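# Residue-level structural notes
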Amino acid sequence: MIPSVLPTYSRAPLSFVKGEGSWLIEADGRRFLDLGAGIAVNALGHANPALVKALSDQAQNLWHTSNLYQIPNQQALADKLVEHTFADTVFFTNSGTESCELAVKMARKYWYEKGAPDKTDIITFEGSFHGRSSAGIAAAGSEKMTKGFGPLLPGFIHLPWGDLDALKAAITDTVGAILVEPVQGEGGIRPMDDSDLKALRALCDDHDLLLILDEVQCGMGRTGRLFAHEWAGITPDIMMVAKGIGGGFPLGAVLATEKAASGMSAGSHGSTYGGNPLGCAVGSAVMDEMTAEGFLDEVNRKAGLMRQKLEGLVDAHPEVFEEVRGAGLMLGLKCKAVNADVVKAGYDNMLLTVPAADNVIRLLPPLTISDEEIGEATTRLDAAAKAVENT
Ligand SMILES: *Cc1c(COP(=O)(O)O)cnc(C)c1O
């Protein structure tokens, strides 16, 4: 008999009932150190007091009105995002994949309105992940996600990760945009080199293409800048955001320049929940925390500490780990052992990590993790590695 919850996930036998900062408490009382943060969502930790206050204050007043009316909280959050990024304008969604839908629609509409309706193709890269909607799976193109769901949304060209020669060769008159994650998340914590990102931007400028960045996982402070592309000194035309922006409240956004957004007008896109008062109250609180003086400096300092500890673990357990990769607190341990076994051994040591493709385990702690907790995480990872060695 089919379970009452549609069985699309293979879940670990853990049920968490409470969260506190970097910790999750299991129904049986055990305390797990959370290096997954709900897959880079709980960027400010669990039950962060500032977010709890923003949510509960707003919940006393007004949850939802719809986009039929002005929403002051939405305006306030959009203003903050515009102030702190390349963007001139923002549309709010509820998830990453919805941000992908709009990014694709916006790019196509841009070219349509410019009188180039054939420029519908979007170049994407192997190993990427853009969500589970029809546009998202067609964009990423991996058979694992698309098999059985055809016919797929047409108009995506899939190229090997970071292959700039293939990219140059693929740019034809029907290509309108390039879509890329500056740091691949699901694909195994694979950062694109700054020089490659610069080259991508230059190619887009030369060929008059829109650069769409998917910063759903690598954005919102995760790499030590508010958005990962800032490290390369480039800006996109359109950017997908979700995960960390709500700190656990379902919220996403598409950020764009005035030019890239110029095709969108009243009635061209919409969302019932997108940008509702409750979500935007929390999103604003997240932005306030992340843009506060010194917040990102601390993320970078702790990222250095964590990376150093992980390098030590790789040296100590060459049979289990191969290398450390990533940027900021978006870190991956490429495994020699089977990554799922390492994740499982982590559970046994009350430590949560997240598997990714390419036999990697992801370490995406709350950005608020303390030095002491980083030390504790190292101790538990060390114990997990020893357990894997002994099996
Ligand atoms: C998680 C993720 C998505 C999809 O986000 P959902 O909120 O699950 O729809 C898209 N792109 C990237 C890079 C992601 O990590």
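Residues numbered from 1 in each chain as written. Predicted model: local features only at pLDDT ≥ 70, side-chain atom pairs only at ≥ 80, totals over all residues. Heavy atoms only, no water.

## Here's the deal with the site of the ligand
For the ligand, the full set of nearby residues is Ser95, Gly96, Thr97, Phe129, His130, Gly131, Glu181, Asp214, Val216, Gln217 and Lys243. In this structure, glycine 96 approaches the ligand through a main-chain N or O atom, which is 2.8 Å from an oxygen atom. Contacts to the ligand include aspartate 214, whose side-chain N or O atom sits 2.7 Å from a nitrogen atom. Protein contacts shield 83% of the accessible area of the ligand, which totals 380 Å² for the unbound molecule. Grouping the constituent residues of the shell around the ligand by class yields two nonpolar, six polar and three charged. (Near = heavy atom within 4 Å. Polar contact = N/O pair within 3.5 Å; in protein donor to acceptor, adjacent residues only side chain to side chain. Areas by Shrake-Rupley, 256 points an atom, 1.4 Å probe, with all protein chains shown as cover. Nonpolar A, V, L, I, M, F, W, Y, C, P; charged D, E, K, R; others polar.)

## Focus on the domain arrangement of the protein
Each assigned domain of the protein is listed with its residue range as follows: domain 1 (16–34 + 293–389) and domain 2 (50–290). Summing both sides of the interface, domain 1 and domain 2 together bury roughly 1600 Å²; the carbon and sulfur share of this comes to 62%. For the domain 1 face of the interface with domain 2, the top three residues by lost area are Leu296, Met330 and Arg362, together amounting to 39%. In this assembly, domain 1 and domain 2 are joined by one salt bridge. Seen at the junction of domain 1 and domain 2, the total is eight residue pairs in polar contact (both at pLDDT 80 or more). Those elements that place two or more of their residues in the side of domain 1 that touches domain 2 are helix H10 (295–316), strand E13 (321–327), strand E14 (330–335) and strand E17 (360–363). Broken down by element, the residue count for the side of domain 1 that touches domain 2 peaks at four residues, all from H10. (Domains from an automatic or database assignment. Buried area = accessible area lost by both parts, 1.4 Å probe. Salt bridge = Lys/Arg side-chain N within 4 Å of Asp/Glu carboxyl O. Helix = DSSP H or I, 4+ residues; strand = E, 2+ residues; numbered from the N terminus.)

## Section: the pattern of salt bridges
Side-chain pairs of opposite charge can arise where the charged atoms are in close proximity. One pass over the full model with this rule turns up 19 salt bridges. Notably, a salt bridge pairs glutamate 298 with arginine 301, separated by 2.8 Å at the nearest N-O pair. Of this pair, glutamate 298 and arginine 301 both sit in helix H10, three residues apart, roughly one helical turn. The class of glutamate 298 is partly exposed, set by a relative accessible area of 33%. What makes arginine 301 partly exposed here is its relative accessible area of 39%. The salt bridge involving glutamate 311 is made with arginine 307; its shortest N-O contact spans 3.8 Å. With glutamate 311 and arginine 307 both in helix H10 and four residues apart, the pair spans about one turn of that helix. Judged by relative accessible area, glutamate 311 falls into the partly exposed class, the value being 34%. Here arginine 307 falls in the partly exposed class, since its relative accessible area comes to 26%. Ionic contacts of the salt-bridge type, sharing partners, join the residues Glu323, Arg325, Lys334 and Asp358 into one network. (Buried < 20%, exposed > 50% of the residue type's maximum accessible area, 1.4 Å probe, protein only.)

## Side note on the environment of glycine 221
One can find glycine 221 in the loop between strand E10 (210–214) and strand E11 (238–241). As for glycine 221 and alanine 377, which are separated by 156 residues in sequence, their C-alpha atoms are 20 Å apart. Filtering out sequence-adjacent residues up to four positions away, glycine 221 remains in contact with Leu226, Met290, Leu296, Val299 and Leu367. (Contact = heavy atoms within 4.5 Å.)

## Looking at the environment of aspartate 57
Note on placement: aspartate 57 falls in helix H2 (residues 49–61). Since its relative accessible area comes to 37%, aspartate 57 is described here as partly exposed. Separated by 2.6 Å, the side chains of aspartate 57 and lysine 53 make a polar contact.

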